[in-house]
Amino acid sequence: MKISVLQHAPSAHLPTRPGDPTPTSRNLDPLMHPFARARERTRALNAAKMERMFAKPFLRALEGHIDAIEVLCRKPGTLNTVASGSWDGGILVHDIAEQKQVHRILDAHKGKVSGLCFSQGNGLLSCGVDTNIKLWDVSPRDEEVQQKPLHIFSGKSPFNSIDHHRSDAIFATASNIVQLWDETKTAAISNLTFPTATETVTSVRFNPSETSVLGSIGSDRNFTLYDIRSGKAERRVTMQMRSNALAWSPTLPTLVLLASEDHNLYTFDVRKLSSPTQIYKAHVSAVMSCDWSPTGLEFVSGGWDRTVRIWKEGKGTRPEVYHTKRMQRVSSTIFTADARFVVSGSDDGNVRIWKAKAHERLGVITARERAAIEYRESLKERWRYDREVGKISRARHLPKAVHQAAKLKETMLEAQRVKEERRRKHTRAGESKPKAERKKVVLAEQS
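Parameters and conventions
- Residues numbered from 1 in each chain as written.
- Predicted model: local features only at pLDDT ≥ 70, side-chain atom pairs only at ≥ 80, totals over all residues.
- Heavy atoms only, no water.
- Helix = DSSP H or I, 4+ residues; strand = E, 2+ residues; numbered from the N terminus.
- Buried < 20%, exposed > 50% of the residue type's maximum accessible area, 1.4 Å probe, protein only.
- Contact = heavy atoms within 4.5 Å.
- Patch = residues over 30% accessible without salt bridge, like charges linked within 9 Å, V, L, I, M, F, W, Y side chains within 5 Å.
- Areas by Shrake-Rupley, 256 points an atom, 1.4 Å probe, with all protein chains shown as cover.
- Salt bridge = Lys/Arg side-chain N within 4 Å of Asp/Glu carboxyl O.
- Axes fitted to C-alpha atoms, helices over the stretch in contact; angles between N-to-C directions.
- Parallel < 35°, antiparallel > 145°, perpendicular 65-115°, else oblique.
- Nonpolar A, V, L, I, M, F, W, Y, C, P; charged D, E, K, R; others polar.
- Pairing = 2+ DSSP bridges.
- 1 Å grid on protein atoms, 1.4 Å probe; cavity = no way out; pocket = protein on both sides within 12 Å on 5 of 7 lines; lining within 4 Å.
- Points joined across faces, edges and corners; volume = space filled by probe spheres on them.
- Polar contact = N/O pair within 3.5 Å; in protein donor to acceptor, adjacent residues only side chain to side chain.

## Observations concerning the overall build of the protein
1) Next: From N to C terminus, the protein includes four helices and 29 strands.
2) Next: C-alpha extents for the protein along the principal axes are approximately 110 × 75 × 45 Å.
3) Next: Relative to its 447 residues, the protein shows a buried fraction of 43%.
4) Next: A separation threshold of at least 6 residues defines the contact pool for the protein, and within that pool the share at least 24 residues apart is 50%.

Quick look at the structure:
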């Protein structure tokens, strides 16, 4: 009689070295695991629920201002330095990492501080409605002293915005015209204006890649492009409603983002300004500020609906929404240089720090925790089209006032669409054709 004996090699079932994990053997035949897909869906559902459970984006409110915050700016080349200017005329410099105030400049301007930007080194440029531009030294100090400006540039009209060149010692200001200034000279070195323009320029920004290109927006609903090499305006477009802020993409030199009074944000390719490349719709009031993430994959906006929203580039709906009970109308929002945090300034005088990813865990993360986080993210991505997983991932709580305003806005837009459809239905064939939403944004283009 022949006897078959099962033999197992101990080396296949024991750790090769002390401290190593015990090896496991798995049969990868799908017929042996009939419930693998059901288990994976349950894990994806749990991962989506955990994301919403741990979504606590608010970190800290930095106090110090006694009036509404008008402008925020971050220091290039650093991860943690942010300056804020207020309607009380004061300027504060904050350390985001330590969540504390570093510099305090009281009564920097008479009236509100309308613009801030960091210059080369430890300089900070500020402008206000008192027709002055001031250069401050914000280098680290052990003790707080009453500061005096290093230099004062005088203008003829109130300034609304200021921005510094990326590499040269020049900066641009916005008032009734766009002016170029040199840090070593007391008067403007160039005036940039469109020949037929009579508007008040509300914001001006240098292109971070094409540093000779300058963009501005004004009260006449215009967006204008300038070339500082030729010293004149190159192109101008007139939109349906006024823009409140603009920001250049850090990764695509031809892409510019505009925050509009009509509750929407628009991205334009400056090579083709006849229509926007994307419309971003979610705000229920005027959008007052916008800023790109350093990665160029997302941007942040803040508006008079008292919410901060984080958008994915190219995705025009369903942004991440941040709000608190105490936060009032948001006037300025920026990303930090590491793209992990968002800083907002509002009418209640507080600078608030938020996580860019609401569910992200801060602090030291072990390799095992990192692997588990990446596994959960891959599960959510794979099962994002599942009805229950998608519903949980998309769910966002909104304040009652914002929710009611969104419902009212949706009803009004639907009524407008039905009205236009009925008008076309009862007119002669071919007289009125439907117009795409993107074609309605720009009214005229000049060059």
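This is not the end of the story, as more comes after the structure.
## Quick look at a nonpolar patch on the surface
1) Next: A cluster of nonpolar residues, Met1, Ile3 and Val5, forms a patch on the protein surface that exposes about 450 Å² of accessible area.
2) Next: Here Val5 is to be found in the segment before helix 1 (36-53).

## A short note on the packing of helix 1 against helix 2 (residues 367-382)
1) Next: At a minimum axis separation of 9 Å, helix 1 and helix 2 run at an interaxial angle of 105°. One element, helix 1, and the other, helix 2, form an angle in the roughly perpendicular class. For the pair formed by helix 1 and helix 2, the contact residues are Arg37, Glu40, Arg43, Ala44, Ala47, Ala48, Met50 and Glu51 on the first element and Tyr375, Arg376, Leu379, Lys380 and Arg382 on the second.
2) Next: Of the residues in the contact of helix 1 with helix 2, the class split is six nonpolar, no polar and seven charged.

## Notes on the packing of helix 1 against helix 3 (residues 387-394)
1) Next: Relative to each other, helix 1 and helix 3 sit at 10°, their axes nearing to 9 Å. With respect to helix 3, the element helix 1 is oriented roughly parallel. Residue-level inspection shows Arg41, Ala44, Leu45, Ala48, Lys49 and Arg52 of helix 1 in contact with helix 3, the latter providing Glu388, Val389, Ile392 and Ser393.
2) Next: Considering only residue class, the contact of helix 1 with helix 3 consists of five nonpolar, one polar and four charged.

## Looking at the sheet that holds strand 27 (residues 341-346)
1) Next: Pairing is antiparallel across the open sheet formed by four strands, whose spatial order is 1-28-27-26. Looking at strand neighbours, the two that pair on one side only are strand 1 (58-62) and strand 26 (330-335), the edges of this open sheet. Between one strand and the next, the sheet's axes are offset by a mean angle of 20°, whatever the strand orientation.
2) Next: Here strand 26 runs beside strand 27; their pairing, made up of five bridges, is antiparallel. In the strand pairing of strand 27, Val330 is matched with Ser346.

## Some thoughts on empty space enclosed by the protein
1) Next: Under the counting rule described, the total for this entry stands at two cavities of 30 Å³ or more.
2) Next: In this model, the largest cavity occupies a volume close to 60 Å³.
3) Next: Here the lining of the largest cavity is built from residues that sort into seven nonpolar, three polar and two charged.
4) Next: Estimated volume of the second largest cavity: approximately 40 Å³.
5) Next: Surrounding the second largest cavity, Arg74, Lys75, Thr78, Leu79, Asn80, Thr81, Val82, Ile96, Thr336 and Ala337 form its lining.

## What about the sheet that holds strand 20 (residues 264-269)?
1) Next: The antiparallel open sheet is built from four strands, whose spatial order is 18-19-20-21. Each edge of the open sheet is held by one strand with a lone partner, namely strand 18 (243-248) and strand 21 (278-281). Taking each pair of neighbouring strands and ignoring which way they run, the sheet shows an average axis angle of 20°.
2) Next: The pairing of strand 20 with strand 21 spans four bridges and is classified as antiparallel.

## Here's the deal with the side chain of Ser332
1) Next: When you line up the elements, Ser332 lands in strand 26.
2) Next: On the basis of relative accessibility, which here comes to 7%, the residue Ser332 falls in the buried class.
3) Next: In this structure the side chain of Ser332 is engaged in a polar contact, spanning 3.1 Å, whose partner is the backbone nitrogen of Leu72.
4) Next: The residues touching Ser332, leaving out its near neighbours within four places in the chain, are Glu70, Val71, Leu72, Ser289, Val343, Ser344 and Gly345.

## Here we look at the pattern of salt bridges
Pairing between side chains of opposite charge can happen when their charged atoms approach one another.
1) Next: Scanning the model with the defined rule gives 27 salt bridges in all.
2) Next: Between Lys380 and Glu51 there is a salt bridge whose closest N-O contact spans 2.6 Å. Residue Lys380 is located in helix 2, and its partner Glu51 is located in helix 1; the two are separated by 329 residues in the primary sequence. Each member of the pair, Lys380 together with Glu51, is buried.
3) Next: The shortest N-O distance in the salt bridge between Arg417 and Glu414 comes to 2.5 Å. Separated by three residues within a single helix, Arg417 and Glu414 lie in helix 4 (residues 400-425), roughly one turn from each other.
4) Next: Residue classification places Glu414 among the partly exposed positions, given a relative accessible area of 39%.
5) Next: Salt bridges sharing partners connect three or more residues here, namely Glu51, Arg52, Glu377 and Lys380.

Purely geometric numbers; function is a separate question.
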